[in-house]
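Structure at a glance
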Amino acid sequence: MIQKSILEALQKIVGPPHLLTQKEDMLTYSYDAAVLDPVMPAAAVIPETKDQVGDIIALCAENQIPITVRGSGTNLSGGTIPYSSGIVLLTGRMNKIIEINEADMYAVVEPGVVTATLAAEVEKRGLFYPPDPGSMAVSTIGGNVAENAGGLRGLKYGVTKDYVMGLRFFDSQGNYIKTGSRTVKCATGYNITGLMVGSEGTLGILDQVILKLIPAPKARQAMVAVYDTIEQASETVAGIISARIVPATLEILDNFTIRAVEDFSKAGLPKDAAALLLIEVDGHPAVVTEEAEQVKALCLKMGARTIDQAKDDAQRDKIWAARRAALSALAQLKPTLVLEDATVPRSRIPDMVRALQDIAKKYRIDIGTFGHAGDGNLHPTILTDRRNKEEFYRVEQAIEEIFDVALSMGGTLSGEHGTGIAKAPFLEKEAGYSSILFSRQLRAALDPSNILNPGKITGV
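Scope of this entry: the structure provided in the associated data block. (Residues numbered from 1 in each chain as written. Predicted model: local features only at pLDDT ≥ 70, side-chain atom pairs only at ≥ 80, totals over all residues. Heavy atoms only, no water.)

1. Quick notes on the sheet that holds strand E3 (residues 67–70)
Cut-off, in case you're wondering: Strands are treated as partners if at least two bridges between them are detected by DSSP. Strands are runs of DSSP state E lasting at least two residues, helices are runs of H or I lasting at least four, and both sets are numbered from the N terminus onward. Note on contacts: a residue pair qualifies if any of its non-hydrogen atoms lie within 4.5 Å across the two residues. Axis lines are fitted through C-alpha atoms, for helices just across the contact stretch, and the angle between N-to-C directions can take any value from 0 to 180 degrees.
Read from one edge of the open sheet, four strands run E1-E2-E4-E3, paired in mixed fashion. Bordering the open sheet on either side are strand E1 (19–20) and E3, each of which pairs with just one other strand. Note that E1 and strand E2 (residues 43–45) share two bridges and pair antiparallel. From the neighbouring strand, Leu 20 faces E2, where its bridge partner is Ala 44. Packed onto the sheet, helix H3 (residues 50–63) meets E2, E3 and strand E4 (87–90) and runs at close to 165 degrees relative to E4.

2. Points about the pattern of salt bridges
Counted only if it meets this: We define a salt bridge as a side-chain nitrogen of Lys or Arg found within 4 Å of a carboxyl oxygen belonging to Asp or Glu. For the exposure calls, accessible area comes from a 1.4 Å probe over protein chains only, and a residue counts as buried if that area is under 20% of its type's maximum, exposed if over 50%, partly exposed in between.
The tally for this structure, following the rule as stated, stands at 27 salt bridges. For Asp 263, the salt bridge is made with Lys 271, and the minimal N-O distance between the two is 2.7 Å. You can call Lys 271 partly exposed: its relative accessible area is 38%.

3. A closer look at the environment of Tyr 433
Residue placement: Tyr 433 occurs in helix H16 (residues 433–446). C-alpha separation for the pair Tyr 433 and Phe 169, spaced 264 residues apart in sequence, amounts to 29 Å. If we skip the residues at most four places from it in the chain, Tyr 433 touches Glu 428 and Arg 440.

4. What to know about unusual backbone geometry
One can expect most non-glycine residues to show negative phi and most peptide bonds to be in trans. Residue Arg 244 is not a glycine yet carries a positive backbone phi of 65 degrees. Tracing the sequence through the fold places Arg 244 in the loop between helix H8 (230–242) and strand E13 (249–254). Its relative accessible area of 70% is what places Arg 244 among the exposed residues. The backbone of Asn 450 sits at a positive phi, close to 55 degrees, despite the residue not being glycine. Among the secondary structure elements, Asn 450 is positioned in the segment after H16. Since its relative accessible area comes to 28%, Asn 450 is described here as partly exposed.

5. Points about the sheet that holds strand E15 (residues 306–309)
The strand order across the open sheet built from seven strands is E15-E12-E14-E13-E17-E18-E16, with neighbouring strands paired in antiparallel fashion. In this open sheet, the two strands that pair with only one neighbour each are E15 and strand E16 (336–339). The sheet shows a mean angle of 20 degrees between the axes of neighbouring strands, taken without regard to direction. As paired elements, strand E12 (residues 219–227) and E15 share four bridges and run antiparallel to each other. Bridge pairing in E15 links Met 223 to Gln 309. Its contacts with the sheet put helix H13 (residues 349–362) on strand E17 (366–372) and strand E18 (377–384), and the angle it makes with E18 is roughly 10 degrees.

6. Some words on the nonpolar core
Condition: To define a nonpolar core, start from buried Ala, Val, Leu, Ile, Met, Phe, Trp, Tyr and Cys residues and group those joined through side-chain atoms within 4.5 Å.
Residues Leu 277, Cys 299 and Met 352 are the most contacted members of the largest nonpolar core, which totals 51 residues. Elements with a contribution of two residues or more to this core: E12, H8, E13, strand E14 (275–283), helix H10 (285–301), H13, E18 and helix H14 (389–408). Among the elements that make up this core, the one with the highest residue count is H14 (eight residues). Residue contacts for Met 352: discarding those within four places in its chain leaves Val 344, Leu 378, Ile 402, Val 405, Ala 406 and Met 409. In terms of nonpolar packing, the next biggest core, distinct from the first, is built from 25 residues, Val 113, Leu 127, Tyr 163 and Leu 206 among them.

7. Some words on the side chain of Glu 291
Which entries qualify depends on this criterion: We score Asp and Glu as negative and Lys and Arg as positive, and we do not count His or the chain ends.
Here Glu 291 lies in helix H10. Within the buried core, Glu 291 has no salt-bridge partner, and the shortest N-O distance to an opposite charge, that of Lys 156, equals 5.5 Å. The contacts of Glu 291, once residues within four sequence positions are left out, are Ile 245 and Val 281.

8. Description of H14
Applied cut-off: Each helix should span, by expectation, one fewer than its residue count multiplied by 1.5 Å.
Taking 1.5 Å per residue as the helical rise, H14 with its 20 residues ought to reach 28 Å, and the 29 Å between its terminal C-alpha atoms agrees with that figure. Within the span of H14, buried status applies to Glu 391, Phe 392, Arg 394, Val 395, Ala 398, Ile 399, Glu 401, Ile 402, Phe 403, Val 405 and Ala 406. At its buried positions, H14 is contacted by E16, H13 and E18. Looking one or two residues beyond H14, the residue adopting positive phi is Gly 410, at roughly 85 degrees.

9. Notes on the pairing of strand E5 (residues 97–101)
Consecutive residues of a regular strand have side chains that alternate between opposite faces of the sheet. Here E5 runs beside strand E6 (residues 106–109); their pairing, made up of four bridges, is antiparallel. Bridge assignment links Ile 97 to a residue of E6, and that residue is Val 109. What sits between E5 and E6 in their antiparallel hairpin is a turn of four residues, with Met 105 showing a positive phi close to 55 degrees.

Listed below in structure tokens is the structure:
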């Protein structure tokens with residue numbers, strides 16, 4: 001519960017329509033896309049300007065009120081589940097693209113800009129913003145920075161951290177911090193920009209993001225390879241990488257996911273296939289032609305039943321629409337969907353695929369597997385009903401074993417979904433206690449009252 005006088009002060013800062021306290025509104029902001037218990041915040045505020053954000057933080061700091069920042073709420077690790085006595089700060093009104101500089105190839109945006117909107121705007125100018133999380137149609141740049149989001153093109157182009165040149169943000173006391181610059185090189189001061197990316201709103205609250213842009217590729221070629229066994233498909237992934245070919249995207253779908261996607265989207269996928277690889281190469285037209293032929297030959301050599309190339313942009317778009325429909329298609333099958341993103345070195349993809357099959361059998365659960373096989377980032381997707389406590393217990397056991405297997409292969413708990421609440425209890429397995437202690441000390445120094453998104457990443 002927040003004192004009435006503080007709510008009145010918040011209302012004065014953002015205006016009456018932009019302070020929400022009704023129960024139905026609080027329900028909306030009590031959960032995100034992670035399968036975790038909802039927590040109702042005390043209020044939600046919707047600032048529009050830098051000054052409003054600074055005033056909100058200063059007021060909360062003075063009264064030790066927790067703040068959780070929320071973009072579109074697509075978080076998959078519980079990073080935007082609020083604190084019960086705190087507020088949610090919504091970035092929806094901070095949605096301006098401030099600058100797209102074509103000469104120096106950067107963009108300056110507010111945190112509430114939708115990722116797909118920015119990508120479309122820069123594409124009109126012949127430029128390219130590569131990070132493309134599956135939720136990019138609704139996810140925001142601020143959320144992408146907070147989670148260090150990846151996407152289908154991470155294999156060749158990297159993830160969000162590779163494109164953040166600078167940030168403007170408020171610290172826990174409401175002080176305005178500048179880090180990074182609009183220049184290609186910047187070596188002044190600590191690398192605070194790097195520290196902030198992936199910090200999930202625990203170290204500061206974003207006001208502006210400076211993003212690197214690159215020239216758009218001149219040509220692209222998308223392909224679909226069909227396999228009779230998922231082992232052949234996963235071995236092909238390892239084969240393509242070891243052949244020193246780096247496609248823009250290299251995605252895998254298992255039979256469970258293929259059937260779900262086809263029933264959902266009628267994209268024309270072969271439901272009898274054990275696995276598909278969706279591959280795209282891009283770059284100079286001559287290189288694209290050469291690499292497409294190499295990939296095609298490799299797929300056939302590794303056992304592909306067929307491999308079809310998209311003949312035009314419409315066919316290409318259809319291929320990627322089918323891939324992006326995977327999560328929505330699987331979500332239709334059971335009441336509860338748990339999407340994981342434990343990641344392994346690329347050469348271990350065949351081993352990880354086999355391990356996921358064994359885990360599904362061991363715990364008698366349905367796991368649909370798809371994801372960014374080219375960068376080792378599979379998305380084992382468990383379909384269950386959380387109301388069935390016995391089954392959900394088996395699901396929790398299976399998730400922990402997935403984490404253990406990934407770590408045993410030299411992998412990580414999360415390739416692109418962050419730590420949040422969901423993975424915080426497991427972080428010690430990967431990083432060790434000393435790393436957690438260091439992180440807690442860092443956090444305590446920067447946020448002594450612990451008001452910035454409490455409980456996330458470090459568990460405090």
